[in-house]
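Now for the letters of each chain:
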Amino acid sequence: MAGRGAGGGGRKTRNFATFRLFPRAGAADPNDRVFVRVDNNDYNVPGFADEDPFDSNFTADAADLHSFASGPLPEHVRREILELGLPDDGYNYLSHLRELRPAASAASSFVPNSTARPEPLPLDVKAYDASRVRVAPSADDLDEGKTMCKVAAKTAPLRRVQRALDPDVARLLDESDFSHGGSEDEGLEEDFVIMANQAEGDDEVEEEEEELGNGIFSDVEEEKEEEEFEDEPKPRVRRLLDEQFDLLALEEYGDSDDDDDDRGGRDGDYELPSEAIEELKLFCDQNGCVDEDYRTPADFVRGRLESTTADEVDESANVIQKCAEYAERYLNEPAEEKETVLVSESSDESEVWDCETIVSTYSNLDNHPGKIETPGNRRKRLPRVFPGETATTNDLIKLHGKEKLPVDYLPQRKRNGEKEKKVKPAEAFNAEKVKKEVHKETKEEKKARKAAVKEEKREARKAKKELKGLYKSETQKAQKVAAVTGPSSIRLM
Amino acid sequence: MAAADVAYAPPMKSGKAGYEGGVPEVQHRIRITLSSRNVKNLEKVCRDLVTGAKGKKLTLKGPVRMPTKVLNITTRKSPCGEGTNTWDRFEMRVHKRVIDLVSSPDVVKQITSITIEPGVEVEVTISD
């Protein structure tokens with residue numbers, strides 16, 4: 001150490017420099033450390049800590065920054081900041097950058113979430129997984145039914161669809177919604193509707209028809225027919241459409257008996273032809289069970305079919321007769337007059353009430369008659385048991401303590417209370433008188449007093465314990481009741 | 001006689017390898033203070049530094065072990081005041097070792113850059 005440089009009052013010259021090892025700010029490797037000076041002495045050690053804490057900013061570019069501290073940032077810095085996605089607001093965000101650790105790059109790379117479920121479909125979309133369907137290599141033998149079966153066998157409905165992660169794929173998927181009717185040369189264009197319509201003599205092809213063709217699963221066939229006439233001039237189209245629509249409306253919502261004739265061919269096979277409907281109605285009326293062989297009563301009579309009982313044969317023979325009889329009776333019945341039923345009303349006499357039958361028109365549901373008593377002092381019997389009690393003026397019975405007991409009306413407590421009250425003032429009085437007497441006496445008295453108090457407290461504790469034990473069952477019962485009826489804020493035990 | 005002179009030349013003390021470069025660098029008195037909460041790591045770092053310094057043939061005053069400072073915190077275990085009054089006694093032990101060398105700052109930089117353990121704090125005080 002050098003000798004004292006400063007005067008008498010100063011400290012010893014501090015000819016040392018202290019450095020601490022810190023990890024470099026923004027360094028990738030935690031082992032990349034620098035010595036940083038931590039004291040303020042004048043002593044200089046050349047070449048040791050070549051980096052100051054303040055010097056970390058003074059790198060090659062930062063030198064420019066320093067000169068530009070007040071003004072705008074240099075262009076290359078600004079460009080870099082923008083490239084990183086940070087806002088261009090005049091602050092140099094590059095000073096906060098940190099190098100990535102080489103090992104960390106693998107650890108911090110994107111890990112797909114293994115527990116994530118793909119998004120559920122929107123309600124108006126149905127998705128099918130057809131990845132297992134094998135498309136027939138040859139175009140011949142395209143039996144529709146068979147191919148449909150094959151497709152259906154391998155297709156499974158999906159409830160969730162994973163959204164495409166690849167941006168190109170996602171773009172393509174999104175595009176497919178918009179550019180439907182764009183060009184006719186696009187891949188999956190189903191034009192069987194068009195072909196069918198062309199067969200009926202309609203030439204032009206409209207975009208919307210294609211759309212409908214793709215919506216093969218739509219239930220309403222009428223729409224297709226309506227589209228047919230779109231190319232014709234508007235007022236005429238309207239009329240035809242109107243008619244069609246009216247018919248349709250009638251059919252759906254009106255009486256179905258009238259327009260069956262026109263319906264049949266037009267509407268396709270979604271409704272049974274009227275003839276079939278009528279047949280069914282007849283069948284229902286007959287209410288017969290159709291076995292393999294059709295049975296008639298005559299069969300039983302003539303012995304063509306076997307019957308289990310003899311009665312059946314007889315009955316069958318008489319069927320026609322019976323039918324005739326029943327028919328006659330039925331015809332004749334309405335001719336008879338119906339019986340007149342007389343209902344006698346109650347006479348006027350019964351309307352009058354007499355003393356025997358009625359006391360009041362009030363019912364006990366609304367009216368609670370009380371017992372008539374001599375007025376006064378019926379409720380005061382309870383307080384009378386405890387004379388000298390002052391707190392009986394109000395009608396409330398106060399419940400205190402955990403057990404919620406009517407404290408004022410309990411016997412033992414009251415007595416102790418009386419005793420204590422009597423004792424304390426008396427003793428206090430005595431104590432005051434005796435204050436100036438011999439010290440020992442007051443000490444003795446104090447002891448006596450304290451002993452008395454202790455006794456009282458002991459007794460009180462014993463009594464409380466007794467009472468608690470006595471009433472424990474009561475609290476349990478009360479709690480049971482309160483659990484059902486009372487609010488949960490009341491704690492009984 | 002020249003041969004005899006040569007033969008009887010007093011044996012020269014062969015210089016150590018390091019001395020060939022001369023000792024133009026200023027030698028300072030350097031104190032390295034190592035502190036840590038972890039004795040094992042601390043001892044390891046100490047050992048490495050000492051070995052490094054000895055390898056460079058520096059004057060070394062071996063790791064002086066300062067008395068460990070124990071910081072105690074005694075708190076109630078309970079977050080509320082309820083229950084038996086149990087107390088937790090937490091302590092933190094800080095160990096400190098001091099190594100004195102006489103060498104140039106560069107050498108020290110070299111030595112300290114090699115070894116390190118996490119949790120060990122290194123402080124270097126250079127004086128003349």
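Located above this text is the structure these notes cover.
Bear in mind that the values here come from a model prediction, so they are computed numbers and not experimental data.

### Notes on the overall build of chain B
Then step 1. Across its full length, chain B carries three helices and four strands.
Then step 2. Listed N to C, the secondary structure of chain B is α-β-α-β-β-α-β in terms of helices and strands.
Then step 3. Residue burial in chain B is summarised as follows: out of 128 residues, 29% are buried.
Then step 4. When contacts within chain B are restricted to residue pairs at least 6 apart in sequence, those whose partners lie at least 24 apart make up 74%.
Then step 5. Surface accessibility of chain B: about 8,900 Å² in total, with carbon and sulfur atoms responsible for 57%.

### What to know about the overall build of chain A
Then step 1. Broken down by element type, chain A carries 16 helices and six strands.
Then step 2. The buried share of chain A, reckoned over its 493 residues, is 12%.
Then step 3. The long-range share in chain A, meaning contacts at least 24 apart out of those at least 6 apart in sequence, stands at 37%.
Then step 4. When the accessible area of chain A is evaluated, it comes to approximately 43,100 Å², of which 53% is carbon and sulfur surface.

### Describing the interface of chain B and chain A
Then step 1. Facing 18 residues of chain B, the contacting portion of chain A comprises 17 residues.
Then step 2. For the pair chain B and chain A, the interface holds two salt bridges.
Then step 3. Residues Arg20(A) and Glu123(B) are paired through a salt bridge, measuring 2.9 Å at the closest nitrogen-oxygen approach.
Then step 4. Our count for the contact surface shared by chain B and chain A stands at seven residue pairs in polar contact (both at pLDDT 80 or more).
Then step 5. Looking at the side of chain B that touches chain A, the elements that each hand over two or more residues are β1 (28-36), α3 (105-114) and β4 (120-127) of chain B.
Then step 6. When residues in the side of chain B that touches chain A are grouped by element, the largest group, seven residues, is from β4(B).
Then step 7. Tallied by class, the residues present in the side of chain B that touches chain A amount to six nonpolar, six polar and six charged.
Then step 8. Direction of pairing for strand β1 (residues 16-23) of chain A relative to β4(B): antiparallel, over a ladder of five bridges. For Phe16(A), the partnering residue across the bridge sits in β4(B) and is Ser127(B).

### So, the pattern of salt bridges
Then step 1. One pass over the full model with this rule turns up 13 salt bridges over all chains.
Then step 2. A salt bridge links Glu455(A) to Arg458(A), with the shortest nitrogen-to-oxygen separation between them at 2.9 Å. With Glu455(A) and Arg458(A) both in helix α16 (residues 439-484), this residue pair falls three residues apart, about one helical turn.
Then step 3. Between Asp88(B) and Lys77(B) there is a salt bridge, with its nearest N and O atoms 3.9 Å apart. Of this pair, Asp88(B) sits in strand β3 (residues 87-103) while Lys77(B) is found in the loop between β2 (59-76) and β3, placing the two residues eleven residues apart along the sequence.

### With respect to the sheet that holds β1(B)
Then step 1. Pairing is antiparallel in the open sheet, where six strands are placed in the order β2(A)-β1(A)-β4(B)-β1(B)-β3(B)-β2(B). Each having just a single partner strand, β2 (33-37) of chain A together with β2 of chain B make up the two edges of the open sheet. Neighbour to neighbour, the strand axes of the sheet diverge by 20° on average, direction disregarded.
Then step 2. Looking at chain direction, β1(B) and β3(B) are connected through nine bridges and run antiparallel. Residue pairing in the sheet places Leu34(B) in a bridge with Arg97(B) of β3(B).
Then step 3. Seen against the sheet, helix α2 (residues 39-55) of chain B touches β1, β2, β3 and β4 of chain B and runs at an angle of roughly 0° to β3(B).
Then step 4. α3(B) contacts β1 and β2 of chain A together with β1, β3 and β4 of chain B of the sheet and is inclined by roughly 20° relative to β1(B).

### A look at unusual backbone geometry
Then step 1. A positive phi is found at Lys57(B), a non-glycine position, where the angle reads about 60°.
Then step 2. Inspection of the secondary structure assignment puts Lys57(B) in the loop between α2 and β2.

### Looking at α2(B)
All names here are of chain B.
Then step 1. With 17 residues, α2 extends 24 Å from end C-alpha to end C-alpha; this agrees with the ideal 24 Å at 1.5 Å per step.
Then step 2. Among the residues of α2, those classed as buried are Asn-41, Leu-42, Val-45, Cys-46, Leu-49, Val-50 and Ala-53. Angularly, the buried residues of α2 cover 165° about the axis, an arc narrow enough to put them on a single face. Those residues of α2 that are exposed and aimed more than 90 degrees away from the buried face are Lys-40, Arg-47, Thr-51, Lys-54 and Gly-55.
Then step 3. Those residues of α2 that are buried lie in contact with β1, β2, β3, α3 and β4.

### Quick look at the pairing of β1(A)
Then step 1. Pairing of β1(A) with β2(A), which is carried by five bridges, proceeds in the antiparallel orientation. Counterpart to Phe22(A) in the pairing with β2(A) is Val34(A).

### Digging into helix α6 (residues 192-199) of chain A
Residue and element names in this part refer to chain A.
Then step 1. Taken together, the buried positions of α6 are Val-193, Ile-194 and Asn-197. Taken down its axis, α6 places every buried residue within 100° of arc, on the same side. Structural note: α6 exposes Met-195 and Ala-199 on the side pointing more than 90 degrees away from its buried face.

### Remarks on the side chain of Ser103(B)
All names here are of chain B.
Then step 1. One can find Ser-103 in strand β3.
Then step 2. For Ser-103, a relative accessible area of 1% gives the class buried.
Then step 3. Look past the residues within four positions of Ser-103 in its chain and what remains in contact with it is Val-26, Gln-27, His-28, Ile-30, Leu-58 and Val-108.

Calculation criteria
- Residues numbered from 1 in each chain as written.
- Chains lettered and ligands numbered in written order.
- Predicted model: local features only at pLDDT ≥ 70, side-chain atom pairs only at ≥ 80, totals over all residues.
- Heavy atoms only, no water.
- Helix = DSSP H or I, 4+ residues; strand = E, 2+ residues; numbered from the N terminus.
- Buried < 20%, exposed > 50% of the residue type's maximum accessible area, 1.4 Å probe, protein only.
- Contact = heavy atoms within 4.5 Å.
- Areas by Shrake-Rupley, 256 points an atom, 1.4 Å probe, with all protein chains shown as cover.
- Salt bridge = Lys/Arg side-chain N within 4 Å of Asp/Glu carboxyl O.
- Polar contact = N/O pair within 3.5 Å; in protein donor to acceptor, adjacent residues only side chain to side chain.
- Nonpolar A, V, L, I, M, F, W, Y, C, P; charged D, E, K, R; others polar.
- Pairing = 2+ DSSP bridges.
- Axes fitted to C-alpha atoms, helices over the stretch in contact; angles between N-to-C directions.
- Expected span 1.5 Å × (residues − 1).
- Arc of directions from axis to C-beta.

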